[in-house]
Amino acid sequence: MKGYRDIKKAIDKEIRQGQSLKEPYRIDMNVSDDSEFLSKFSTSETPVISREVADFIEQSTPTIRKDETLTLRIKSNCIDEKEKEIYPSAVREYYKERYISNKRELMRDYVIAAILTLAGILVLALAIFVGHHSTIWSEVVDIVAWVFIWEAVYIAFLETRKLKLDNRKYIAYISMKVEYIDK
């Protein structure tokens, strides 16, 4: 009987052999009914994919390497030629909107981190002034300053990491190739 490590090594080897850096990562999607493929709502003139389709794509690609290209292979008999032209732009438009929203959130987090850093520095300066008058209040103000600075560091380096990884995914989805195969 194989142990955990042997099974893990075999699975890791199989995955490495199946995923070359030069080959695109392929998402196989079987569509039996495309009536809900597009969302009923869009912020622009270009239609966007539905949330259900986006969830499928994102769950099919939990991790994407920087140098990896994606291909969405849609297998269906119900998609006509007009829809074959619309769907790739709907995918791109959906992820462009997500990318723009994510970039705004990233900038907002950097601004908040800068404000908290500045507040921490100002409170530290206040701690120096208060330190001459009262030891207890000096310690309280010192703690408050370090809380501001820690929160700034947390936001700038830890919170934004997920947003940056999401941006990488959105860029891959925007540039994803869409292929159609008849069932």
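Residues numbered from 1 in each chain as written. Predicted model: local features only at pLDDT ≥ 70, side-chain atom pairs only at ≥ 80, totals over all residues. Heavy atoms only, no water.

### Here's the deal with the nonpolar core
Among the nonpolar cores identified, the biggest contains 26 residues, and Met29, Ile49, Ile57, Leu72, Ile74 and Tyr95 are the most heavily contacted of them. Secondary structure elements with two or more residues in this core: strand 1 (25-31), helix 2 (51-60), strand 2 (70-76), helix 3 (81-131) and helix 4 (135-174). At five residues, the largest contribution of residues to this core is made by helix 3. Counting residues in hydrophobic clusters, the runner-up holds five residues, among them Ala113, Leu116, Ile155 and Ala156. (Core = buried A, V, L, I, M, F, W, Y, C linked by side-chain atoms within 4.5 Å. Buried < 20%, exposed > 50% of the residue type's maximum accessible area, 1.4 Å probe, protein only. Helix = DSSP H or I, 4+ residues; strand = E, 2+ residues; numbered from the N terminus.)

### So, the pattern of salt bridges
Under the defined criterion, the tally for this structure stands at ten salt bridges. Here Arg73 makes a salt bridge to Glu179, at a shortest N to O gap of 3.2 Å. Linking Arg73 in strand 2 with Glu179 in strand 3 (residues 177-181), this pair joins segments that are 106 residues apart in sequence. For Glu179, a relative accessible area of 22% corresponds to the partly exposed category. (Salt bridge = Lys/Arg side-chain N within 4 Å of Asp/Glu carboxyl O.)

### Focus: the confidence of the model for the chain
Mean pLDDT over the chain works out to 88, with 93% of the residues at or above the 70 mark. Between the elements of the chain, mean pLDDT differs from a low of 73, seen in helix 1 (residues 4-18), to a high of 95, seen in helix 2. (pLDDT = per-residue confidence, 0-100.)

### Observations concerning helix 2
Restricting attention to buried positions, one finds in helix 2 the residues Val53, Ala54, Ile57 and Glu58. Each buried residue of helix 2 lies within a common arc of 130° when the element is viewed along its axis, so the set occupies one face. Every exposed residue of helix 2 that faces more than 90 degrees away from the buried side is listed here: Glu52 and Gln59. (Arc of directions from axis to C-beta.)

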